[in-house]
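Observations on chain architecture
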Amino acid sequence: MTAFSLEPARLAWCAELRTLAEHRLRPLAEKGEPGRVNRALVAELGTLGLLSRLFTSGALDLCLMRESLARGCTEAETALALQGLGAHPVHAHGTPAQRDRWLPRVSDGSAVAAFALSEPGAGSDAAALSLTAHPDGPAGWRLTGEKCWISNAPDADFCTVFARTTPGAGARGVTAFLVPADRPGLTGSRLDMLSPHPVGTLRFDAVPVTADDVLGGPDGGFRVAMDTLNLFRPSVGAFAVGMAQAALDATLVHTARREAFGGPLKDLQSVAHQVAEMALRTEAARLMVYAAATAYDAGTGDVPRRAAMAKLLATETAQYVVDRAVQLHGARALQRGHLLEHLYREVRAPRIYEGASEVQRGIIAKELYKTLEDR
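Below or above, wherever it landed, is the structure these notes cover.

Criteria and cut-off values
- Residue numbers run consecutively from 1 along every chain, following the written order of its sequence.
- Reporting of local features is limited, given that this is a predicted model, to residues whose pLDDT is at least 70; pairs of side-chain atoms are given and counted only at 80 or more, and all residues count toward the totals for whole chains, interfaces and linings.
- Here the side-chain values reflect all heavy atoms present in the structure, with hydrogen atoms and water set aside.
- Secondary structure elements are taken from DSSP: a helix is a run of H or I of four residues or more, a strand is a run of E of two residues or more, and numbering for both begins at the N terminus.
- Computation of the radius of gyration draws on C-alpha atoms, with the globule rule given as 2.2 Å multiplied by the number of residues to the power 0.38.
- The buried label goes to any residue with under 20% of its type's maximum accessible area, the exposed label to any with over 50%, and the partly exposed label to all in between, with areas taken from a 1.4 Å probe on protein chains only.
- Contacts: residue pairs with any heavy atoms within 4.5 Å of one another.
- For every accessible area listed, the method is Shrake-Rupley and the probe measures 1.4 Å; residues are considered covered only by the protein chains on display.
- The pocket and cavity definitions rest on a 1 Å grid over protein atoms only: a 1.4 Å probe that fits but cannot leave marks a cavity, an open set with protein on both sides within 12 Å along at least five of seven lines marks a pocket, and residues lining either have an atom within 4 Å of a point.
- Grid points are joined across faces, edges and corners, and a volume is the space filled by probe spheres set on the points.
- The residue classification treats Ala, Val, Leu, Ile, Met, Phe, Trp, Tyr, Cys and Pro as nonpolar and Asp, Glu, Lys and Arg as charged. All others, Gly included, are polar.
- Definition of a polar contact: a pair of N or O atoms within 3.5 Å, with one able to donate and the other able to accept a hydrogen when the atoms are protein atoms, and with sequence-neighbouring residues admitted only if both atoms are side-chain atoms.
- Here, expected helix span is obtained from the residue count minus one, scaled by 1.5 Å.
- Residue types Ala, Val, Leu, Ile, Met, Phe, Trp, Tyr and Cys, when buried and joined through side-chain atoms within 4.5 Å, form a set referred to as a nonpolar core.
- We call Phe, Tyr and Trp rings a pair once their centres come within 6.5 Å, taking the six-membered ring for Trp, and we label the pair stacked below 30 degrees between planes, edge-to-face above 60, and tilted otherwise.
- Placement of a charge over a ring requires the Lys NZ or Arg CZ to be within 6 Å of the ring centre, with the centre-to-atom vector within 35 degrees of the ring normal.
- Between N-to-C directions, angles span 0 to 180 degrees; the directions come from axes that are lines fitted to C-alpha atoms, helices contributing only their stretch in contact.
- Note on convention: the crossing is left-handed when the near helix lies turned anticlockwise from the far helix by less than a right angle, right-handed when the turn is clockwise.
- Salt bridge, as used here, is a side-chain nitrogen of Lys or Arg placed within 4 Å of a carboxyl oxygen of Asp or Glu.

Details of the overall build of the chain
- When helices and strands are tallied, the chain shows ten helices and ten strands.
- Its C-alpha radius of gyration of 21 Å places the chain within 12% of the 21 Å reference for a compact globule of 375 residues.
- Taken across its 375 residues, the chain has 53% of its residues classed as buried.
- In the chain, 74% of the contacts between residues at least 6 apart in sequence involve partners at least 24 apart.
- Carbon and sulfur atoms make up 54% of the accessible area of the chain, which totals about 16,100 Å².

Details of empty space enclosed by the protein
- One pass over the structure, following the stated rule, counts one cavity of 30 Å³ or more.
- Its volume calculated, the largest cavity comes out at about 40 Å³.
- In this structure, the largest cavity is lined by Leu54, Phe55, Leu62, Gly84, His88, Leu231 and Phe232.
- Sorting the residues of the lining of the largest cavity by element identifies helix H4 (74-93) and helix H6 (221-257) as the ones contributing at least two each.
- Per-class residue counts for the lining of the largest cavity are five nonpolar, two polar and no charged.

Some words on the side chain of Arg10
- Counting through the fold element by element, Arg10 comes out in helix H1 (residues 8-30).
- Here the side chain of Arg10 touches Asp61 through a polar contact of 2.8 Å, side chain to side chain.

Details of helix H7 (residues 269-298)
- With 30 residues, H7 extends 43 Å between its outermost C-alpha atoms, agreeing within 8% with the 44 Å of an ideal straight helix rising 1.5 Å per residue.
- Residues of H7 that are buried include every one of Val271, Val275, Met278, Thr282, Ala285, Arg286, Val289, Tyr290, Ala291, Ala292, Ala293 and Ala295, and no others.
- Tucked inside the fold, the buried residues of H7 contact helix H3 (59-72), H6 and helix H8 (303-329).
- Positive backbone phi, at 70°, marks Gly299, one or two positions downstream of H7.

Observations regarding the nonpolar core
- Core analysis: the biggest nonpolar cluster contains 102 residues, and Leu143, Phe162 and Phe177 have the highest contact counts within it.
- No other element matches the 14 residues that H6 contributes to this core.

What about the side chain of His93?
- By the element assignment, His93 lies in helix H4.
- In this structure His93 comes out as buried when scored by relative accessible area, which is 16%.
- Within polar-contact distance, the side chain of His93 engages the side chain of Asp227 at 3.1 Å.
- Excluding residues within four positions of it along the chain, His93 makes contact with His88, Leu215, Gly216, Arg223, Val224 and Asp227.

Observations regarding the packing of aromatic side chains
- Evaluation of the coordinates by the stated rule reveals three aromatic pairs.
- When the ring of Trp102 is compared with that of Phe158, the centres are 4.5 Å apart and the planes differ by 40°; the resulting orientation is tilted. Of this pair, Trp102 sits in helix H5 (residues 96-108) while Phe158 sits in strand S4 (residues 158-164), and the two are 56 residues apart along the sequence.
- Here Trp141 and Phe177 contribute two aromatic rings whose centre-to-centre distance is 5.3 Å and whose plane-to-plane angle is 65°, an arrangement assigned as edge-to-face. In this pair, Trp141 is assigned in strand S3 (residues 140-151) and Phe177 in strand S5 (residues 174-180), connecting sequence segments 36 residues apart.
- In this structure Phe177 comes out as buried when scored by relative accessible area, which is 0%.
- Here Arg281 stacks its cationic end above the ring of Tyr320, 3.7 Å away from the centre of that ring.

Digging into unusual backbone geometry
- Ala153 connects to Pro154 through a cis peptide bond whose omega is 0°.
- Relative to the elements of secondary structure, Pro154 occurs in the loop between S3 and S4.
- The phi dihedral of Asn152 falls on the positive side, at around 75°, and the residue is not glycine.
- Mapped onto the fold, Asn152 is located in the loop between S3 and S4.
- One non-glycine residue, Glu354, lies in the positive phi region at around 55°.
- Here Glu354 is to be found in the loop between helix H9 (339-346) and helix H10 (357-373).

Let's talk about the packing of H8 against H10
- Two elements in contact, H8 and H10, have axes whose closest approach is 9 Å; the angle formed by their N-to-C orientations is 145°. By crossing handedness, the relation of H8 to H10 is classed as left-handed. Along the contact surface, H8 presents Pro304, Arg305, Ala308, Met309, Lys311, Leu312, Thr315 and Glu316, while H10 presents Ser357, Gln360, Arg361, Ile363, Ile364, Glu367 and Leu368.
- In the contact of H8 with H10, the residues fall into seven nonpolar, three polar and five charged.

Digging into the environment of Ala59
- Note on placement: Ala59 falls in helix H3.
- Accessibility expressed as a relative area gives 2% for Ala59, which makes it buried.
- The spacing of Ala59 and Asp155 is 96 residues in sequence and 27 Å in space, taken between C-alpha atoms.
- When neighbours within four sequence positions are excluded, Ala59 is seen to be in contact with Leu231, Ala293, Tyr296 and Asp297.

Examining the pattern of salt bridges
- What the rule picks out here adds up to 23 salt bridges.
- Across the salt bridge formed by Glu283 and Arg286, the nearest N and O atoms sit 2.6 Å from each other. With Glu283 and Arg286 both in helix H7 and three residues apart, the pair spans about one turn of that helix.
- The salt bridge partner of Glu341 is Arg345, with a shortest N-O separation of 2.7 Å. You can see Glu341 and its partner Arg345 sitting in helix H9, four residues apart, about one turn around the helix.

Next comes the structure, spelled out in structure tokens:
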């Protein structure tokens, strides 16, 4: 099997996921409140066994889940992805006690996770964190500072938090901590964002943490963050591909049925060529996402470059495809409740989070020049 020719069992699984998204998950999503964690939706993802697959599947299957769910229910896709993003550091770098306490609850949907990396002054620069872990006794710290644009904040039950433990050490001075939401001094607030999923701030006022809360060892947090992002960046691309495909599917139906200028829109060459371009870009992005995920599963050395390329191409492609779909649908696509109005709001954020498009270009260039040094 190659990533470019999925076997029948995987294709059938993807079709099943699309059906579940449309019939089991979308009704729950529609009952949710924008900007707040939809715990009923998260619990249903657990009941369906999808959350537990976050910790047993490879990168390719993660991409297939995200793409398939996104085509039928973007809220379900995002709820699943945020559980994985927040809990993957625990799964991959946590102690047995940390994993035993939290992963079963993440898997059944009874605990909500968050990945707290971004800060008001750092954004996508994970090495420039200012949230500080001040030493507090022989095996403890106090966290002081702020995190911003954190998905699932402030409703999450626990957060993977990245803080500076060694001043002036850049990426080598960051530590990852598992911080339960009930720690004294931890507060937060919601942000009113364009996208409908919950995003907020977290404030740390001398929040106590100990060696038992460390993920990946002291000053090993940057590796924890990059390991997580290298896995999830291609799957952000898969989310984007799913949205692009949903927009393309809607456009095919609309242009085949909509009568204008004496016939269906599809008979106009200018329309047909736009639809062809939408399909071409979507398929190219899909193949790059699958290739990056396969490289991650195979443990190849070019994962950072491939992951960055996949996220960059797929998110930029989805923006283009959704925009073209809106244009071809006309004013009806801008009405509240229309699929494309929803996708138009959803598609913008992935070009920024988990490393903006400009950051991905920087990673790609850095990795390319590194190959010259290795010759």
